[in-house]
Amino acid sequence: MDITHFVIYMRYNLIVLVSVSLLEEDRYDSYSRMILKYFLAEGVVCRHELFVATAQDTPDDILQELPAPILDDVAVPKPVEHSRLTGELQESLDAMKIAWRYQNLPKVQSALASSSRFGHYYDVSKTMEVEIRQATKCHLFYLPDHVTPPSTAHRVESYSALLRSLQEVIQREGFDLAAPMSKSRNILRVGLHSLGSVLWGDDLCCHDKPRHSHALTTFLYGLRALLRSSLSVAVVTIPSHLIQDRALMGSITRLCDNAIALESFKGSERETNPLYKDYHGLLYVRQVPHLNCLASQLPDHKDLAFKLKRKQFSIE
């Protein structure tokens, strides 16, 4: 399975079924960060608005690393200096404007297109062009700009500030379902990076019995309620391998609608194991949404591995 198809599966299920999707980070947060960037990149190409929250790297750092879409069916006009516009250049610009209107219509012939193709493909060896990224409205939340780290209640204030900021964006930008629909509605894609880590002021990863063990679960309750009353979906990444309280981790998983975990072979014995020589890690499906049922559903096939090729991240 190509990561594009996996993320597209997440895309449609997130919009229809899911409010919060949990991504358990791999040990060095390299592959989980890549999946988060795929999720955000798909939002850019689909013209969804983005809300990105981080505590270590700035949200701009993540946005600048978004993979480049393979635009075989999208024509993106480039800015041209007015003084250089001649008759031929004007005709070329007009042609690009016409192509822009039909940007979402696939070509009849394409190297990557097929009769069953849907969604978009990305080249991980390149980053998204600035013109494409800037066409999408992005709302950024960088923790150090909102909360002072030395605060004694930092771990509580950080999640409260994040929830307030997200709520303000949802209400101000018209994503709230209770608001009157005065214009065509859009989707807000929310990416929350590495919640539960020390960077957010949380002590879940530091102690067997953290003093503020309910801070993150309380936040997830509020997040889930907020998203289900709005046209918003979220991907939350958590360093679960650092959380020693497995019962608490189980509660966090149950508070999310969809949950997957990544295990990287980097630095482990499996890295040199001939059985896994063609792969870079394993992907575990913890839980997927199940319509008309209180219990979560697990897929029939759970043995999934991923590998990073030169231009592509694939899951098999």
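Anything mentioned here points back to the structure above.
As the structure is a prediction and not an experimental result, all values here were calculated from the model.

Draft legend 1. View of the pattern of salt bridges. Considering all chains together, one arrives at 10 salt bridges under this definition. In this structure, the salt-bridge partner of E65 is K37, at a minimum N-O distance of 3.3 Å. Here E65 is found in the loop between α3 (59-64) and β3 (67-69), whereas its partner K37 is found in helix α2 (residues 31-45), with 28 residues between them in sequence. With a relative accessible area of 33%, E65 lands in the partly exposed category. Note that R228 is salt-bridged to D257, the shortest N-O span being 2.5 Å.

Draft legend 2. Structural detail: unusual backbone geometry. Even without being a glycine, D29 presents a positive backbone phi close to 50°. With respect to the helices, strands and loops of the structure, D29 is situated in the loop between β1 (20-24) and α2. When its relative accessible area of 17% is taken as the criterion, D29 is described as buried.

Draft legend 3. The arrangement of the sheet that holds strand β8 (residues 258-264) in detail. Overall, mixed pairing links the nine strands, which are arranged β5-β2-β6-β7-β1-β8-β9-β10-β11 in an open sheet. Each edge of the open sheet is held by one strand with a lone partner, namely β5 (138-142) and β11 (313-315). Shown here is a sheet whose adjacent strand axes are inclined to one another by a mean of 20°, direction ignored. α2 rests against β1, β2 (49-54), β6 (188-192), β7 (232-238), β8, β10 (304-308) and β11 of the sheet, and its axis sits at about 165° to β6. Where helix α8 (residues 246-254) meets the sheet, it contacts β1, β7, β8 and β9 (281-287), and its direction lies at approximately 145° from that of β1.

Draft legend 4. Representation of the nonpolar core. Counting 39 residues, the largest nonpolar core has F51, L192, L195 and I252 as the members making the most contacts within it. Looking at this core, the elements that each hand over two or more residues are β1, β2, α6 (154-172), β6, α7 (214-228), β7 and α8. The biggest single contributor to this core is α7, with seven residues. Aside from chain neighbours lying at most four places away, what touches F51 is H139, F141, L162, S165, L166, V169, L188, R189, V190, G191 and L192.

Draft legend 5. Main features of the packing of aromatic side chains. Under the defined criterion, the tally for this structure stands at eight aromatic pairs. When the centroid spacing of 6.2 Å and the interplanar angle of 20° are considered together, the rings of Y159 and W200 count as stacked. Here Y159, found in helix α6, pairs with W200, found in the loop between β6 and α7; they are 41 residues apart in sequence, far enough to count as distant. The pair formed by Y159 and W200 is uniform in burial state, with each residue classed as buried. Taking 5.3 Å as the distance between ring centres and 25° as the angle between the ring planes, the aromatic pair formed by F306 and F313 counts as stacked. F313 carries the same exposure label as F306, and that label is buried. Pairwise contacts between aromatic rings join F141, Y159, W200 and F219 into one cluster. Its guanidinium or amino end placed over the ring of F39, R189 lies 4.7 Å from that ring's centre, counting from NZ or CZ.

Reading the values: rules and limits
Residues numbered from 1 in each chain as written. Predicted model: local features only at pLDDT ≥ 70, side-chain atom pairs only at ≥ 80, totals over all residues. Heavy atoms only, no water. Salt bridge = Lys/Arg side-chain N within 4 Å of Asp/Glu carboxyl O. Helix = DSSP H or I, 4+ residues; strand = E, 2+ residues; numbered from the N terminus. Buried < 20%, exposed > 50% of the residue type's maximum accessible area, 1.4 Å probe, protein only. Pairing = 2+ DSSP bridges. Axes fitted to C-alpha atoms, helices over the stretch in contact; angles between N-to-C directions. Contact = heavy atoms within 4.5 Å. Core = buried A, V, L, I, M, F, W, Y, C linked by side-chain atoms within 4.5 Å. Phe/Tyr/Trp six-rings, centres within 6.5 Å; stacked < 30°, edge-to-face > 60°. Lys NZ or Arg CZ within 6 Å of the ring centre and 35° of its normal.

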